[in-house]
Amino acid sequence: MSYKTLRHHTEHHVSLITFNRPEKLNAFNKLMIKETIKALDEAARLTRIRCVVLTGDGNSFSSGQDLTEFGDLAVTNSLENHLRQGYNALVSRMISLEKPIVAAVNGVAAGAGLGVALAADIRLASSRARFIHAFTRIGLVPDSGSTWTLPRLIGFGRAMEMALTGKPISADLALSWGLVNEVIPHDQLMPVAITWAQSLASGPTVAFGLTKQAMYSANRMTIEEALENEAELQAIAGKTADFREGVRSFLEKRKPKFTGE
Ligand code: LHQ
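What this report covers is the structure whose coordinates are included nearby.

1. Comments concerning the overall build of the protein
Logical step 1: Summing up its helical and strand segments, the protein has eleven helices and ten strands in all.
Logical step 2: In terms of C-alpha radius of gyration, the protein reaches 19 Å, essentially the compact-globule figure of 18 Å for 261 residues.
Logical step 3: In terms of overall dimensions, the protein has a C-alpha envelope of 60 × 40 × 35 Å along the principal axes.
Logical step 4: Burial analysis of the protein (261 residues in total) assigns 46% to the buried set.
Logical step 5: Considering only intrachain contacts with a sequence separation of at least 6, the fraction spanning at least 24 residues in the protein is 68%.

2. Describing the site of the ligand
Logical step 1: Around the ligand, 24 residues are found, and the nearest of them are Ser63, Gln65, Leu67, Ala112 and Asp143.
Logical step 2: For the ligand, a nitrogen atom lies 2.8 Å from a polar atom in the backbone of glutamine 65.
Logical step 3: Here arginine 130 contributes a side-chain N or O atom positioned 3.2 Å from an oxygen atom of the ligand.
Logical step 4: For the ligand, whose unbound accessible area comes to 1000 Å², protein coverage reaches 66%.
Logical step 5: Among the elements of the structure, helix H3 (79-96) and strand E8 (130-132) are those that each provide at least two residues to the shell around the ligand.
Logical step 6: Top element by residues in the shell around the ligand is H3. It accounts for three residues.
Logical step 7: Classifying every residue of the shell around the ligand by side-chain character gives 13 nonpolar, five polar and six charged.

3. Regarding a nonpolar patch on the surface
Logical step 1: Taken together, the side chains of Phe243, Val247, Phe250 and Leu251 define a hydrophobic patch exposed on the protein surface, amounting to about 450 Å² of accessible area.
Logical step 2: Tracing the chain through its elements places valine 247 in helix H11 (residues 241-251).

4. Thoughts on the side chain of glutamate 35
Logical step 1: By secondary structure assignment, the location of glutamate 35 is in helix H1 (residues 30-45).
Logical step 2: One buried charged residue, glutamate 35, forms no salt bridge at all, with the nearest opposite charge on lysine 4 at 6.0 Å.
Logical step 3: For glutamate 35, the side chain forms a polar contact with the side chain of threonine 5, separated by 2.6 Å.
Logical step 4: Contact partners of glutamate 35, with chain neighbours within four places excluded, come to Tyr3, Lys4, Thr5 and Leu6.

5. Let's talk about the sheet that holds strand E10 (residues 182-184)
Logical step 1: Taken in spatial order, the six strands of this open sheet run E1-E2-E3-E5-E7-E10, and their pairing is mixed. In the strand order of this sheet, the two ends are held by strand E1 (6-11) and E10, each with one partner. Put simply, the sheet's adjacent strands are angled 20° from each other on average, direction ignored.
Logical step 2: Bridge count for strand E7 (residues 122-126) against E10 is three bridges, and the pairing is parallel. The partner of leucine 124 across the bridge, within E10, is glutamate 182.
Logical step 3: Strands E1, strand E2 (14-19), strand E3 (51-56) and strand E5 (101-105) of the sheet are contacted by H1, whose axis makes an angle of about 10° with E1.

6. Re the environment of phenylalanine 70
Logical step 1: Relative to the helices and strands, phenylalanine 70 is located in helix H2 (residues 70-76).
Logical step 2: Here phenylalanine 70 falls in the partly exposed class, since its relative accessible area comes to 22%.
Logical step 3: Separated by 41 residues in sequence, phenylalanine 70 and asparagine 29 have C-alpha atoms that sit 9.7 Å apart.
Logical step 4: If sequence neighbours within four positions are ignored, phenylalanine 70 has contacts with Gln65, Leu79, Ile138 and Leu140.

What counts as what
- Residues numbered from 1 in each chain as written.
- Predicted model: local features only at pLDDT ≥ 70, side-chain atom pairs only at ≥ 80, totals over all residues.
- Heavy atoms only, no water.
- Helix = DSSP H or I, 4+ residues; strand = E, 2+ residues; numbered from the N terminus.
- Rg over C-alpha atoms; globule rule 2.2 N^0.38 Å.
- Buried < 20%, exposed > 50% of the residue type's maximum accessible area, 1.4 Å probe, protein only.
- Contact = heavy atoms within 4.5 Å.
- Near = heavy atom within 4 Å.
- Polar contact = N/O pair within 3.5 Å; in protein donor to acceptor, adjacent residues only side chain to side chain.
- Areas by Shrake-Rupley, 256 points an atom, 1.4 Å probe, with all protein chains shown as cover.
- Nonpolar A, V, L, I, M, F, W, Y, C, P; charged D, E, K, R; others polar.
- Patch = residues over 30% accessible without salt bridge, like charges linked within 9 Å, V, L, I, M, F, W, Y side chains within 5 Å.
- Salt bridge = Lys/Arg side-chain N within 4 Å of Asp/Glu carboxyl O.
- Lys, Arg positive; Asp, Glu negative; His and termini not counted.
- Pairing = 2+ DSSP bridges.
- Axes fitted to C-alpha atoms, helices over the stretch in contact; angles between N-to-C directions.

Okay, here's the thing in structure tokens:
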């Protein structure tokens, strides 16, 4: 499949999706949102893909909505429809993808670019990364799921601070707040991200997909409901070949060889 706004490459069970509008710091236009969803759909469909990495070309991850598209949006569409058809669909696709997503945040992640990074399952930050909740800086409210994801990651007070001040958060501060999983020297980001991804891609893919489902759905459940949901999902995981291999390898005192089935 060919893309105009992305570079897309699959190797060793890992799908690497690179936002490719560096002249605009990889700002999202409609096409880039659409193509990212398409690439994620492909990752969902192909069993050989067992992990996805999202990153940006050049020195940025993504600066969020392409602000040069705003005039057009105001005339042809409402902002809420743009969100419903665009970012809401993209973030929902990321959350529902039954495979782990690693965001390799190689530079600035602002606005919806931050929202997309927050919807990944693992965030690795280059030492040069900056995180900006840029929405109120242009008179908008936070979107792309960030009112839901950000407070859960860093707590309500810090999320409110990021939203109201719009101030850039450095990679090191992001790490200390729990916004990212690891900070990596800039020139090592991609090799380290690929190592993470290959490790996740050799894991029990079905159990990973169910884990995402369990974690996200627990957020809207009581403890009793979450316990029941875990039991139901465990019944599915318990029928996989990877579960049998996991137990067998433990008993045989060797590393498991998961196939993702
Ligand atoms: C850009 C952008 C950009 C176009 C840099 N667009 N060109 C969506 C729609 C519907 C409803 C509401 O919500 C949303 C979600 C959102 O994402 S809203 C938030 C949108 N994003 C922003 O407000 C961030 C705008 N960008 C910036 O504040 C700065 O560019 C940051 C802080 C990201 C980076 O600053 P610098 O490193 O100083 O870079 P720069 O500003 O010099 O940008 C470099 C170039 O990229 C420049 O172009 P030029 O031709 O002058 O070299 C910028 O115009 C362009 N660019 N972001 N979002």
